[in-house]
Amino acid sequence: MTSTFLPDKRTGPDVDLPPPAATAARDRTRRRVLHWLTATAFQLPALVLFIGLVLLPMLFALYAAFFRWGGFGMPSDYVGVDNFDRLFDDPVFLGDLWRCLVLILLSLALQLPFALGMAVLLNQRVRGRAVYRMLFFAPYILSEAITGVLFSMIFAPDDGLADQVLGGVGLDGLGSTWFADPSTVMATLFLVMTWKFFGFHMMLYLAGLQSIPAELTEAALIDGANAWQRFRNVTLPLLAPTLRISVFLSVIGSIQLFDLVWVITQGGPDHHSETMAVTMFQFGFKRYQVGYASAISVVMFGISLVFALAYQRFVLRRDLEGATTTMRGGGK
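Residues numbered from 1 in each chain as written. Predicted model: local features only at pLDDT ≥ 70, side-chain atom pairs only at ≥ 80, totals over all residues. Heavy atoms only, no water.

Engineer: Go over the overall build of the protein with me, naming the residues and quoting the values.
Structural biologist: Secondary structure assignment for the protein yields 13 helices and zero strands. Listed by position from the N terminus, the elements making up the protein come as α-α-α-α-α-α-α-α-α-α-α-α-α. Looking at the 332 residues of the protein, the share that counts as buried comes to 33%. At a minimum sequence separation of 6, the contacts of the protein that also span at least 24 residues come to 65%. Surface accessibility of the protein: about 21,100 Å² in total, with carbon and sulfur atoms responsible for 67%. (Helix = DSSP H or I, 4+ residues; strand = E, 2+ residues; numbered from the N terminus. Buried < 20%, exposed > 50% of the residue type's maximum accessible area, 1.4 Å probe, protein only. Contact = heavy atoms within 4.5 Å. Areas by Shrake-Rupley, 256 points an atom, 1.4 Å probe, with all protein chains shown as cover.)

Engineer: Got a sec to walk through the packing of aromatic side chains? Specific residues and values, please.
Structural biologist: The geometry of an aromatic ring pair is captured by the separation of the ring centres together with the interplanar angle, meaning the angle of the planes. In this structure the tally under the stated criterion is 26 aromatic pairs. When the centroid spacing of 6.2 Å and the interplanar angle of 40 degrees are considered together, the rings of Phe60 and Tyr63 count as tilted. Of the two residues, Phe60 and Tyr63 both sit in helix H1 (residues 20–64), three residues apart, roughly one turn of that helix. On the basis of relative accessibility, which here comes to 33%, the residue Phe60 falls in the partly exposed class. Plain terms: the ring middles of Phe66 and Phe84 are 5.7 Å apart, the flat faces sit at 50 degrees to each other, and that makes the pair tilted. Taken together, the positions of Phe66 in the loop between H1 and helix H2 (82–89) and Phe84 in helix H2 put the pair 18 residues apart, joining distant regions of the chain. (Phe/Tyr/Trp six-rings, centres within 6.5 Å; stacked < 30°, edge-to-face > 60°.)

Engineer: Could you give an account of helix H7 (residues 185–210), naming the residues involved and the relevant values?
Structural biologist: Between its first and last C-alpha, H7 extends 38 Å over 26 residues, near the 38 Å set by a 1.5 Å rise per residue. Remark: the principal bend of H7, roughly 40 degrees, maps to Phe197. (Expected span 1.5 Å × (residues − 1). Bend = angle between axes of the 7 residues up to and from the residue.)

Engineer: Please give an account of the nonpolar core that cites residues and values.
Structural biologist: Among the nonpolar cores identified, the biggest contains 20 residues, and Leu103, Phe155, Phe179, Val192, Met193, Leu260 and Ile264 are the most heavily contacted of them. For this core, the secondary-structure elements that each account for two or more residues are helix H6 (161–168), H7 and helix H10 (259–264). The residues touching Phe155, leaving out its near neighbours within four places in the chain, are Ala162, Trp178, Phe179, Thr188, Leu191 and Val192. The next biggest cluster of nonpolar side chains, apart from the first, holds 17 residues, and it includes Cys100, Phe283, Ala293 and Val299. (Core = buried A, V, L, I, M, F, W, Y, C linked by side-chain atoms within 4.5 Å.)

Engineer: Residue-level account of unusual backbone geometry, with values.
Structural biologist: Omega for the peptide link from Gly268 to Pro269 comes to -5 degrees, which places this bond in the cis form. Tracing the backbone shows Pro269 in the loop between H10 and helix H11 (276–286). The backbone of His271 sits at a positive phi, close to 70 degrees, despite the residue not being glycine. Note that His271 resides in the loop between H10 and H11. Judged by its relative accessible area of 30%, His271 is partly exposed. The backbone of Tyr288 sits at a positive phi, close to 55 degrees, despite the residue not being glycine. Tracing the backbone shows Tyr288 in the loop between H11 and helix H12 (290–314).

Engineer: Any chance you could break down the packing of helix H8 (residues 214–222) against helix H9 (residues 227–255) for me, citing the residues and the numbers?
Structural biologist: Packed helices, taken two at a time, are described by the angle between their axes plus the distance between the axes. The N-to-C vectors of H8 and H9 enclose an angle of 165 degrees; their axes lie 10 Å apart at closest approach. Looking at the two axes, H8 sits roughly antiparallel to H9. Here the hand of the crossing between H8 and H9 comes out right-handed. Contacts between H8 and H9 pair Leu216, Thr217, Ala220 and Leu221 from the former with Arg230, Val234 and Leu238 from the latter. The class makeup of the residues in the contact of H8 with H9 is five nonpolar, one polar and one charged. (Axes fitted to C-alpha atoms, helices over the stretch in contact; angles between N-to-C directions. Parallel < 35°, antiparallel > 145°, perpendicular 65-115°, else oblique. Left-handed = near helix turned anticlockwise from the far one by under 90°. Nonpolar A, V, L, I, M, F, W, Y, C, P; charged D, E, K, R; others polar.)

Engineer: Help me get a handle on the side chain of Gln111, residues and values and all.
Structural biologist: If you trace the backbone, Gln111 turns up in helix H3 (residues 91–122). Accessibility expressed as a relative area gives 2% for Gln111, which makes it buried.

Engineer: Would you mind going over the pattern of salt bridges in detail, with residue names and values included?
Structural biologist: Tallied over the entire structure, the rule returns three salt bridges. As a salt-bridge pair, Asp27 and Arg30 come within 2.8 Å of each other at their nearest N and O atoms. Taken together, the residues span about one helical turn, with Asp27 and Arg30 both in helix H1 at a distance of three residues. Under the relative-accessibility criterion, Asp27 is labelled partly exposed at 30%. (Salt bridge = Lys/Arg side-chain N within 4 Å of Asp/Glu carboxyl O.)

Engineer: Describe the confidence of the model for the protein, listing the residues and the values that go with them.
Structural biologist: Per-chain confidence: the protein averages 87 in pLDDT, with 90% of residues scoring 70 or above. Contacts for the low-pLDDT stretch residues 324–332, under 50 throughout, to residues beyond four places or in other chains number zero contacts. (pLDDT = per-residue confidence, 0-100.)

Engineer: Help me get a handle on the environment of Val278, residues and values and all.
Structural biologist: Structurally, the position occupied by Val278 is in helix H11. Take Val278: its relative accessible area is 0%, and that puts it in the buried class. In this structure the C-alpha to C-alpha distance between Val278 and Asp259, which are 19 residues apart in sequence, comes to 8.5 Å. Not counting chain neighbours up to four residues away, the residues in contact with Val278 comprise Phe258, Val261, Trp262, Gln266 and Gly267.

Listed below in structure tokens is the structure:
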């Protein structure tokens, strides 16, 4: 029995096969291109919206800030930096900066500690704590317009609920014109802001508290630490990333505050509750000085950007480095 040997055409001397390394490299390149095209296809709609609704308006506002422009047609009366010179000579805008700083300091000194205290309390085994959480968070769900109308009625002079309650307990002398009095308008406005926003920060702190392992607190308790020592040496350091985010959001919110002030006081009386956003709206949509309003918006954006970059560089750096390390570690 004879056998016939047939040479394999795939391995014959006349066939050149690419080396395995080159084939693997081409496959990796093909997968990278496919992944890039897929990611681009998913991101393209959001990118178009961002460019059209955020980036281009920002660039146009920067352009319009160098013109004396009423908002109709294209800007043509170039004035250079006159709008910015006028801005920093305007006592109303300088007052806006001061009021913004006051709101930031009050938020950091009163609103956030109050939210933290409520979060620590509601993180304990308190009867009905789910109901309390819902009640305290509910004001944040309300729109600023509804909140403004509600508190305009509560603090209405003489007929408002606040004055009636004070009169009912014999404290008529503490009644006030509230939002109509330059000496009380900012304090009353901050009270409304605290009622509206402290629930949001409280929920942030609750989420941070519930991520702290209970074993650490129990170990401190076994070591003889009292409640304050456990909070100071265990809870507070582990809650620090959440606190830093909360402070950031509070400061940015104070810089950009508009809705509540506009609905309640529109910046009055006599500009004593006006903020940068309210001043910008007044000049842009009431007085049709859009070039000047654009300069205000540029300054607001610059303040927010500088604060955000500095805060990220000097305060959030460790948190961001930890997140990056975790992501890289998870990808290995």
